Amino acid sequence: MDWERALSFLDRERALYTERNPRSAVLAAQAAVHLLLGVPLHWMRDWGTPFPLHVAHASGAHVVDADGHTLVDFCLGDTGAMFGHSPPPVQNALQHQAGQGYTTMLPTEDAAVVAKALSEQFSLPCWQFALSATDANRYIVRWIRAATGRKKLLVFNGCYHGTIEDVFVDLVQGQAVQRDSLLGQVHDLLEHTAVVEFNDLAALEAALRAGDVACVLAEPAMTNIGMVLPAPGFWRAAQALVRRYGALLVMDETHTISTGVGGYCQVHGIEPDALVLGKPVGGGVPCAVYGMSAELAGHAVRAKADAPPGHSGIGTTLTGNMLSMAAMRATLTEVMTPAAYAHMLPLAHELAEGIRDLLAERRLPWCVTELGARVEFQFCPVPPRNGSEAGARLDAEPEHLIHLGLLNRGVLITPFHNMMLVCPQTTAEDVQRLLAALAAVLDEVVVEAS
Ligand SMILES: Cc1ncc(COP(=O)(O)O)c(C=O)c1O
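To start, this report covers the structure provided alongside it. (Residues numbered from 1 in each chain as written. Predicted model: local features only at pLDDT ≥ 70, side-chain atom pairs only at ≥ 80, totals over all residues. Heavy atoms only, no water.)

Proteins that are soluble and globular tend to have nonpolar side chains buried together. One finds Phe-74, Leu-351 and Ile-355 to be the most contacted residues of the largest nonpolar core, which totals 69 residues. At 10 residues, helix H11 (residues 338-361) tops the list of elements feeding residues into this core. What Phe-74 contacts, discounting residues up to four positions off in sequence, is Leu-351, Val-411, Leu-412, Ile-413, Met-419, Met-420, Leu-421, Val-422, Thr-426, Asp-430, Val-431 and Leu-434. If you look at the next biggest cluster of nonpolar residues, it comprises 62 residues, including Val-169, Val-195, Val-242 and Ala-300. (Core = buried A, V, L, I, M, F, W, Y, C linked by side-chain atoms within 4.5 Å. Buried < 20%, exposed > 50% of the residue type's maximum accessible area, 1.4 Å probe, protein only. Helix = DSSP H or I, 4+ residues; strand = E, 2+ residues; numbered from the N terminus. Contact = heavy atoms within 4.5 Å.)

So this is what it looks like as structure tokens:
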């Protein structure tokens, strides 16, 4: 990247953003009066824009901002809207439920239907719910600790499973360290969490050998430090090790559900002991699910029966509420369908190939990684093999510059690294619009590799 050109481009893009978005500027100023850091969730500052873009409405693959621009959305709420904004079946279900009550702390007939659909799609027989993937991860880890009597959690370096505290342990020069950016963290996370590199079977075995690991919590392919795909045969061998040392395998499919029908595990024949799915499972309505094998469920039920009376520490009041159950029923039975994937997967591949062409034409030594409907370009010539390699290539400044340039040209991609999602309503024209915008931005800031 030519930094002098890039910085001058950034100045111009920031000015252009400010000029294009006067209504967002007013709304941002109003919001700043009573909102901590000016936004409902401080992550909304991470877009690298001079002030937060405000949204008027979103539908399908498009977001209309407060100033009336229609943006093609490849961020899709960072996966929450992976099946498009306001999918009509979810809209209908919510409209119907809107006059029937939202929460009673009792099940409706949707409960059994949703659980059956989950069992069929993910090949695990027993399910519970949460309101976020974070909580679903937190709860399954607690059930497993209770069920196995083991305390230790094993994760892969660079993982992200939401803000479940236990996972914020990184490998720094081979040493496990607690992440220093955590706010208000008072517990020693190193006590019960071990961390190894993804795709490193020897390290995995070494960490499991003592026989004290309750479970390995993993994304089947890493997506949160840039994408890292499993090496061929990795999961087959890893799962054999996990079983040999009496631990359980929990797959967090919250992002990898992009792979295909039933997520990565179904597509690749992995049989986890437990599975977590949040974000898009309710079409963007807050909810999440976690499933377990019959054996684990048996142990979990026994652990609850054997525990003294009182709070389990698992669950929240609105979990399984009527609105989110209705949204999940519609999503699982009418939205996350084979037909939806049949549209998304080839179009995402077209997008990936288009980006590869753009990079090749400019002789840029970057690579493009695909995970079904999810595509990412990374600032390295070959795909990273683990979290350390992927993390080393993250570079917030060029990322923000590219994202802002795209936004000003009517295209949204995720504010974290360079990740894009194709949804059932994304069209070939939308993909061409992204490619044209990316070409224009790259031509402003990069120097061809010689
Ligand atoms: C793999 C994975 N698991 C869990 C989460 C947490 O989701 P939420 O923030 O909805 O709790 C994320 C969020 O990005 C994720 O990528």
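With that out of the way, let us pick up the site of the ligand. Near the ligand lie 13 residues; those nearest to it are Thr-134, Asn-224, Asp-252, His-255 and Lys-279. Measuring from an oxygen atom of the ligand, one finds a side-chain N or O atom of His-255 at 3.1 Å. Here the ligand, which alone exposes 390 Å², has 89% of that area covered by the protein. Among the residues making up the shell around the ligand, the classes are represented as 2 nonpolar, 8 polar and 3 charged. (Near = heavy atom within 4 Å. Polar contact = N/O pair within 3.5 Å; in protein donor to acceptor, adjacent residues only side chain to side chain. Areas by Shrake-Rupley, 256 points an atom, 1.4 Å probe, with all protein chains shown as cover. Nonpolar A, V, L, I, M, F, W, Y, C, P; charged D, E, K, R; others polar.)

A word on the packing of aromatic side chains. Enumeration over the complete set of coordinates arrives at 13 aromatic pairs. When the centroid spacing of 6.1 Å and the interplanar angle of 85 degrees are considered together, the rings of Phe-156 and Trp-235 count as edge-to-face. With Phe-156 in strand E5 (residues 152-156) and Trp-235 in helix H7 (residues 234-244), this pair connects stretches of sequence that are 79 residues apart. Neither residue differs from the other here; Phe-156 and Trp-235 are each classed as buried. Put simply, the rings of Phe-156, Phe-198, Phe-234 and Trp-235 pair up and form one aromatic cluster. (Phe/Tyr/Trp six-rings, centres within 6.5 Å; stacked < 30°, edge-to-face > 60°.)

Pairing between strand E6 (residues 169-172) and strand E7 (residues 175-178): 4 bridges, direction antiparallel. Along E7, the bridge assignment pairs Asp-170 with Val-177. Linkage of E6 to E7, two consecutive antiparallel strands, is achieved through a turn of 2 residues, within which Gln-173 is found at a positive phi near 45 degrees. (Pairing = 2+ DSSP bridges.)

With that settled, consider helix H14 (residues 428-445). Look at H14: 26 Å from first C-alpha to last across 18 residues, which is about the 26 Å you get at 1.5 Å a residue. Here H14 has its buried residues at Asp-430, Val-431, Leu-434, Leu-435, Ala-437, Leu-438, Ala-439, Val-441, Leu-442 and Val-445. (Expected span 1.5 Å × (residues − 1).)

On to the pattern of salt bridges. Summed over all chains, the structure comprises 17 salt bridges. Close ionic contact of Arg-329 with Asp-110 constitutes a salt bridge, the shortest N to O distance being 2.7 Å. You can see Arg-329 sitting in helix H10 (residues 322-335) and its partner Asp-110 sitting in helix H4 (residues 110-122), a full 219 residues away along the chain. Its relative accessible area of 27% is what places Arg-329 among the partly exposed residues. Taking relative accessible area as the criterion, Asp-110 reaches 9% and is therefore assigned buried. A salt bridge links Glu-165 to Arg-138; the shortest N-O distance between them is 3.5 Å. Of this pair, Glu-165 sits in the loop between E5 and E6 while Arg-138 sits in helix H5 (residues 133-148), and the two are 27 residues apart along the sequence. On the accessibility criterion, Arg-138 (24% relative accessible area) is partly exposed. Taken together, the shared-partner salt bridges in this structure form one network comprising Glu-109, Asp-110 and Arg-329. (Salt bridge = Lys/Arg side-chain N within 4 Å of Asp/Glu carboxyl O.)

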